[in-house]
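Below, each chain spelled out in residue letters.
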Amino acid sequence: MKRIVIIGGGFAGVKCARVLTKQLRGSAEVVLFSRDNHMVFQPLLPDVAGSSLNPRAVAPPLRLMLPRVHCRTETVLAIDTAANEVVHEGHDGAPRRMRYDHLVIACGNVVNLNGLPGMADHALPLKTIGDAIAMRAHVMQKLEKADLAETAEQRAFYLTFIVVGGGFSGVEVAGELNDLVRHSLPHYRNVRPEDVMVTLLHSQAEILPELSPGLRRFAQARMANRGIKLLCEVKAAEVTRRGVQLSNGRKVEGATVICTVGTAPNPLVAALDAPKERGRLATDPDMRVPGHANVWAVGDCAVVPNAFDGKTGPPTAQFAEREGCQCAQNIARMLRNEPTQAFRHKSFGMACGIGGRRGVAELFGLRFSGFPAWWLWRSGFLWKVPTVAQKLKVGIDWAWELVFPRDLSHFRPAQSDPVGKARFAAGEVLFRHGETLTTLYAIAGGEAEVVQQCPHSGAWQVLSTIGSGSVIGEATIAGHMNDSVQVRARTPLDAWLLGKESLSRLSQALAPIEAIVQRAVSRPRTGIWQSHPAAMRALMARSVAEMPAGTLPIAAATTDTIGELYARLVRERQVGVVVCENGRVIGVATRTDMLDALAHGAHGDSPIGEHCRREPMCMQSGEPAALAAERMADQGFKFLPVVDADGRLTGLLTVDDIVAFALSVARDAPIEATTCEVAAAAAEVAAPAH
Ligand SMILES: Cc1cc2nc3c(=O)[nH]c(=O)nc-3n(C[C@H](O)[C@H](O)[C@H](O)COP(=O)(O)OP(=O)(O)OC[C@H]3O[C@@H](n4cnc5c(N)ncnc54)[C@H](O)[C@@H]3O)c2cc1C
């Protein structure tokens with residue numbers, strides 16, 4: 001018996017399987033692989049996030065929908081077109097193979113939040129049932145926090161919800177969340193309607209660009225009336241836990257960021273050697289993958305030419321279903337030795353809910369707005385919901401919501417002590433003196449600094465800096481009595497958040513980790529100069545530019561070889577090289593680094609760019625020399641590159657320069673320094689250097 005394998009249990013795969021079983025009437029085996037054992041009715045996910053639908057209502061089980069199909073809840077790992085086989089993950093996790101006579105690829109696309117710094121760490125996606133449940137829980141949690149907030153500023157922060165993307169899903173999510181939050185307000189005694197702000201960010205001049213201008217304007221005016229703030233022609237540049245930094249330099253602060261843009265090709269499709277358009281499989285007119293007579297692609301993972309208008313079908317549920325249906329008919333034709341037909345579909349239009357039981361719709365050439373459009377939109381989806389049982393569930397949920405308040409309960413995910421990532425913009429505060437930290441921060445990239453405010457001038461003074469690889473905990477500022485002390489990001493900073501409980505469990509199992517973390521977190525970062533106040537004042541009073549520069553930097557290009565640079569360091573008795581690209585400092589390498597590289601497989605002719613320490617700590621000429629000294633002592637650096645505001649190399653500061661200066665201060669004693677104290681401080685700087 002012939003076997004037709006379908007990868008994907010979404011709109012395209014399910015429709016294809018249904019039509020195949022009808023057309024083939026048991027003459028061929030139909031196998032459907034899906035990661036989940038249910039379909040996800042994605043267009044209704046905003047309703048689940050907004051609490052107007054129960055998650056189960058939008059997730060019909062595949063086995064109930066497709067009784068004559070062999071449904072396998074397994075992930076397909078690879079497609080071997082040469083052998084006509086798919087490689088899939090077995091029940092025990094081991095890969096297995098299955099042969100096919102025809103293969104239908106309907107695996108959709110995947111969420112990609114890596115397009116912007118911090119997006120993956122702080123923005124909520126909406127693609128799966130889990131995403132919708134997590135979003136609902138997150139929003140309800142912010143409402144609870146807002147109710148308990150002690151200041152108006154904190155309340156406003158918790159109640160600002162930022163949705164990135166003004167397409168259909170962004171608009172639906174913004175409308176649903178706005179409804180959820182505003183309908184819930186009467187039950188929160190400390191929150192007022194004016195505290196709530198749902199902001200929709202869109203890169204073009206108007207939202208919903210697929211609709212006609214009149215409907216677009218209606219949607220914008222109506223959403224603004226409902227209290228949704230539209231920010232058009234702006235792009236998000238960075239996301240942090242405080243909100244979104246815009247490309248125009250402005251910042252929108254808020255505790256919730258939702259991303260409805262950003263998809264990437266499914267890895268299965270990306271790995272396939274076949275023609276693609278923007279990562280999607282570019283099919284022949286009958287939906288076959290070019291060069292493969294028995295491989296078909298439909299839905300969001302494919303770009304299918306439409307014989308009706310000569311354009312390609314958009315990635316929507318409507319087109320995914322139609323493609324799935326016609327692909328099944330084409331396979332049945334092939335099995336009957338009949339010619340296949342080109343895909344042809346006249347779109348019946350689009351509809352979108354905008355919140356407040358209002359919508360916009362263009363259906364069969366007619367335009368609707370307001371309540372009729374909303375009613376048509378919901379009825380259209382109700383009609384599309386696959387099973388009668390599911391239709392009843394959705395209908396009852398919607399009717400319930402018309403009469404009774406939305407569900408306010410939220411269930412916290414089991415992850416009580418998380419390990420996660422966080423992004424901080426330069427200047428953002430990690431924590432302040434007196435705060436209790438439930439997580440530790442392990443710096444993955446960038447730098448943090450410990451600062452305190454001068455009570456007289458109000459200026460912020462940098463006490464110490466903390467670089468990549470260090471762990472920050474309460475002990476980091478334990479030695480400071482001043483209430484203004486805080487740890488903040490000195491540069492854009494990426495950190496791992498380590499829940500204290502997870503960490504202690506992990507460290508019990510892995511003893512060396514415990515020792516490392518204990519050392520890192522229990523060492524107060526007061527800086528060596530705290531115990532040498534006179535030397536500190538002397539160095540604080542001098543900028544890096546005022547230090548005696550005894551050494552000229554060796555600036556290397558990334559392509560310079562380890563062999564020639566090592567010889568030059570020895571010849572010129574230098575401490576290390578600074579690696580530059582397009583004039584900017586990108587790395588440093590000492591002789592020890594080069595020897596390490598050689599010991600680990602590098603050769604004399606290996607380029608230094610591949611073996612230097614990337615993103616090194618640098619100083620700017622206007623910064624206090626005390627900071628440079630502190631960094632060298634703390635990190636054990638022999639030297640620090642000095643750069644201008646653009647990151648271009650202007651000089652080099654070495655431990656020897658600091659020591660020479662400290663000793664000269666001791667000799668001249670111009671600012672009450674005692675010889676002993678400055679010499680001791682200088683010795684501390686020099687000691688850890690390697
Ligand atoms: C929030 C949101 C709102 C939307 N609103 C609308 C709307 O209003 N109107 C509209 O027309 N469209 C809307 N869409 C788009 C619409 O949902 C998609 O176009 C449609 O789901 C595409 O169907 P598909 O079958 O191609 O892919 P999907 O529905 O994404 O299904 C892909 C399937 O493949 C499975 N899969 C993936 N990889 C593997 C693997 N390796 N192994 C096994 N199984 C795998 C998945 O589990 C899933 O079952 C919306 C989408 C979202 C996210």
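A. Up close: helix H17 (residues 591-599). Every buried residue belonging to H17 is among Asp593, Met594 and Ala597, and all of these are buried. An end-on view of H17 places all buried positions within 100 degrees of arc, on one side of the element. Contacts made by the buried residues of H17 are with helix H16 (562-572), strand E34 (576-581), strand E35 (584-590) and strand E36 (613-614). Gly601 occupies a position one or two residues after H17 and carries a positive phi of about 105 degrees.

B. Layout of the sheet that holds strand E19 (residues 280-282). What the 3 strands build is an open sheet, ordered E18-E19-E21; its pairing is mixed. Across the chains shown, the open sheet's two edge strands, defined by having one partner strand only, are strand E18 (276-277) and strand E21 (302-303). Bridging between E19 and E21 involves 2 bridges; their strand directions are parallel. For Leu281, the partnering residue across the bridge sits in E21 and is Ala302.

C. Structural view of the pairing of strand E2 (residues 28-34). With 6 of its 7 residues buried, E2 lies for the most part within the structure. As paired strands, strand E1 (residues 2-7) and E2 are joined by 6 bridges and run parallel to one another. Bridge pairing in E2 places Val5 opposite Val31. Each parallel crossover has a hand, and the one from E1 via helix H1 (residues 11-24) to E2 is right-handed. Of the pairings in the sheet, the one linking E2 to strand E3 (residues 70-73) comprises 4 bridges and is parallel in character. Looking across to E3, one finds that Phe33 is bridged to Arg72.

D. A look at empty space enclosed by the protein. Counted under the stated rule, the structure contains 1 cavity of 30 Å³ or more. Of the volumes computed, that of the largest cavity is approximately 40 Å³. Lining the largest cavity are Leu32, Ser34, Asp36, Asn37, Leu62, Arg63, Cys71, Arg72 and Thr73. Mapped onto the lining of the largest cavity, the elements with two or more residues apiece are E2, helix H3 (62-65) and E3. Sorting elements by how many residues they give to the lining of the largest cavity places E3 first, with 3 residues. For the lining of the largest cavity, the residue count by class is 3 nonpolar, 3 polar and 3 charged.

E. View of the nonpolar core. If you look at the biggest cluster of nonpolar residues, it comprises 110 residues, and the most contacted ones within it are Leu20, Leu66, Val86, Leu103, Val104 and Ile105. Each residue touching Leu103, except ones within four places of it in the same chain, is listed here: Val5, Ile7, Ile79, Val86, Asn294, Val295 and Trp296.

F. Highlighting the sheet that holds E2. Spatial ordering of the open sheet is given by E3-E2-E1-E7-E20, a layout of 5 strands whose pairing is parallel. The open sheet has two free edges, formed respectively by E3 and strand E20 (295-297), since each of these has just one partner strand. Between one strand axis and the next, the sheet turns through 20 degrees on average, direction left out of account. Each of E1, E2 and strand E7 (102-105) touches H1; the most contacted strand, E2, lies at about 170 degrees to it. Set on the sheet, helix H10 (residues 317-335) makes contact with E1, E7 and E20; between it and E7 the angle comes to about 170 degrees.

G. Just the site of the ligand, in detail. By nearness alone, 31 residues border the ligand, and Ala12, Val76, Asn266, Asp300 and Ala317 come closest of all. In the environment of the ligand, an oxygen atom lies 3.4 Å from a nitrogen or oxygen atom belonging to the side chain of Ser34. Between Asn266 and the ligand, the recorded distance is 3.0 Å, taken from a side-chain N or O atom to a nitrogen atom. Starting from 1,000 Å² of accessible surface for the ligand in isolation, the protein chains cover 89%. Elements that contribute at least two residues to the shell around the ligand include exactly H1, E2, helix H7 (168-184) and H10. The residue makeup of the shell around the ligand, split by class, is 13 nonpolar, 12 polar and 6 charged.

H. Local environment of the environment of Pro305. With respect to the helices and strands, the residue Pro305 is situated in the loop between E21 and H10. Accessibility expressed as a relative area gives 26% for Pro305, which makes it partly exposed. Taking the C-alpha atoms as reference points, Pro305 and Asp286, 19 residues apart in sequence, are found 8.6 Å from one another. The contact partners of Pro305, leaving out residues within four places of it in the chain, are Thr283, Asp284, Pro285, Lys311, Thr312 and Phe343.

I. Region of the structure containing the packing of aromatic side chains. Taken as a whole and judged by the stated rule, the model has 8 aromatic pairs. Between Phe11 and Phe41, the ring centres sit 5.0 Å apart and the planes meet at 50 degrees, which makes this aromatic pair tilted. Of the two residues, Phe11 is situated in helix H1 and Phe41 in the loop between E2 and helix H2 (45-49); the sequence distance between them amounts to 30 residues. A residue is classified by how much of its surface remains accessible, and Phe41, at 3% relative accessible area, is buried. With a centroid separation of 5.9 Å and an interplanar angle of 35 degrees, the aromatic rings of Phe348 and Phe364 are classed as tilted.

J. Expanded view of unusual backbone geometry. Phi at Met287 takes a positive value of approximately 80 degrees, unusual for a residue other than glycine. In the Ramachandran plot, Asn582 falls in the positive-phi region, its phi being about 50 degrees despite a non-glycine side chain. For Asn582, the position within the fold is in the loop between E34 and E35. According to the relative accessible area criterion, Asn582 is exposed, its value standing at 68%.

K. Layout of H16. Residues Ile562, Leu565 and Leu569 constitute the buried set of H16. An end-on view of H16 places all buried positions within 70 degrees of arc, on one side of the element. At the C-terminal side of H16, Arg573 shows a positive phi close to 50 degrees.

L. Quick peek at the state of the cysteines. Under the counting rule described, the total for this entry stands at 0 disulfides. Sulfur of Cys301: no disulfide; nearest cysteine sulfur belongs to Cys107 and is 4.3 Å away. Here Cys301 falls in the buried class, since its relative accessible area comes to 3%.

M. A look at a nonpolar patch on the surface. Nonpolar side chains collect at one region of the surface, where Trp400, Leu402, Val403 and Phe404 lie side by side and expose about 450 Å² of accessible area between them. Given the relative accessible area of 63%, Val403 is considered exposed.

N. How the structure looks around the packing of helix H11 (residues 371-384) against helix H12 (residues 388-403). At their nearest, the axes of H11 and H12 sit 8 Å apart, and the two run at 155 degrees to each other. In this view, H11 runs roughly antiparallel relative to H12, as classed from their interaxial angle. Regarding H11 and H12, the two cross each other, and that crossing is right-handed. Counting all contacts with H11, which are made through Trp374, Arg378, Phe381, Leu382, Trp383 and Lys384, the residues of H12 involved are Lys391, Val394, Gly395, Trp398, Glu401 and Leu402. Its residues placed into classes, the contact of H11 with H12 shows 7 nonpolar, 1 polar and 4 charged.

O. Expanded view of the pairing of strand E5 (residues 85-89). Across 4 bridges, strand E4 (residues 76-80) lies against E5 in antiparallel orientation. The partner of Asp80 across the bridge, within E5, is Glu85. Adjacent in sequence and paired antiparallel, E4 and E5 are bridged by 4 residues, among which Asn84 carries a positive phi angle near 55 degrees. Where E5 and strand E6 (residues 95-99) come together, 5 bridges link them in antiparallel fashion. For His88, the partnering residue across the bridge sits in E6 and is Arg96. The loop that links E5 with its antiparallel partner E6 comprises 5 residues; one of these, Gly93, has a positive phi angle of about 90 degrees.

Thresholds applied
Residues numbered from 1 in each chain as written. Predicted model: local features only at pLDDT ≥ 70, side-chain atom pairs only at ≥ 80, totals over all residues. Heavy atoms only, no water. Buried < 20%, exposed > 50% of the residue type's maximum accessible area, 1.4 Å probe, protein only. Helix = DSSP H or I, 4+ residues; strand = E, 2+ residues; numbered from the N terminus. Arc of directions from axis to C-beta. Contact = heavy atoms within 4.5 Å. Pairing = 2+ DSSP bridges. Right-handed = clockwise from strand over helix to strand, strands pointing away. 1 Å grid on protein atoms, 1.4 Å probe; cavity = no way out; pocket = protein on both sides within 12 Å on 5 of 7 lines; lining within 4 Å. Points joined across faces, edges and corners; volume = space filled by probe spheres on them. Nonpolar A, V, L, I, M, F, W, Y, C, P; charged D, E, K, R; others polar. Core = buried A, V, L, I, M, F, W, Y, C linked by side-chain atoms within 4.5 Å. Axes fitted to C-alpha atoms, helices over the stretch in contact; angles between N-to-C directions. Near = heavy atom within 4 Å. Polar contact = N/O pair within 3.5 Å; in protein donor to acceptor, adjacent residues only side chain to side chain. Areas by Shrake-Rupley, 256 points an atom, 1.4 Å probe, with all protein chains shown as cover. Phe/Tyr/Trp six-rings, centres within 6.5 Å; stacked < 30°, edge-to-face > 60°. Disulfide = S-S within 2.5 Å. Patch = residues over 30% accessible without salt bridge, like charges linked within 9 Å, V, L, I, M, F, W, Y side chains within 5 Å. Salt bridge = Lys/Arg side-chain N within 4 Å of Asp/Glu carboxyl O. Parallel < 35°, antiparallel > 145°, perpendicular 65-115°, else oblique. Left-handed = near helix turned anticlockwise from the far one by under 90°.

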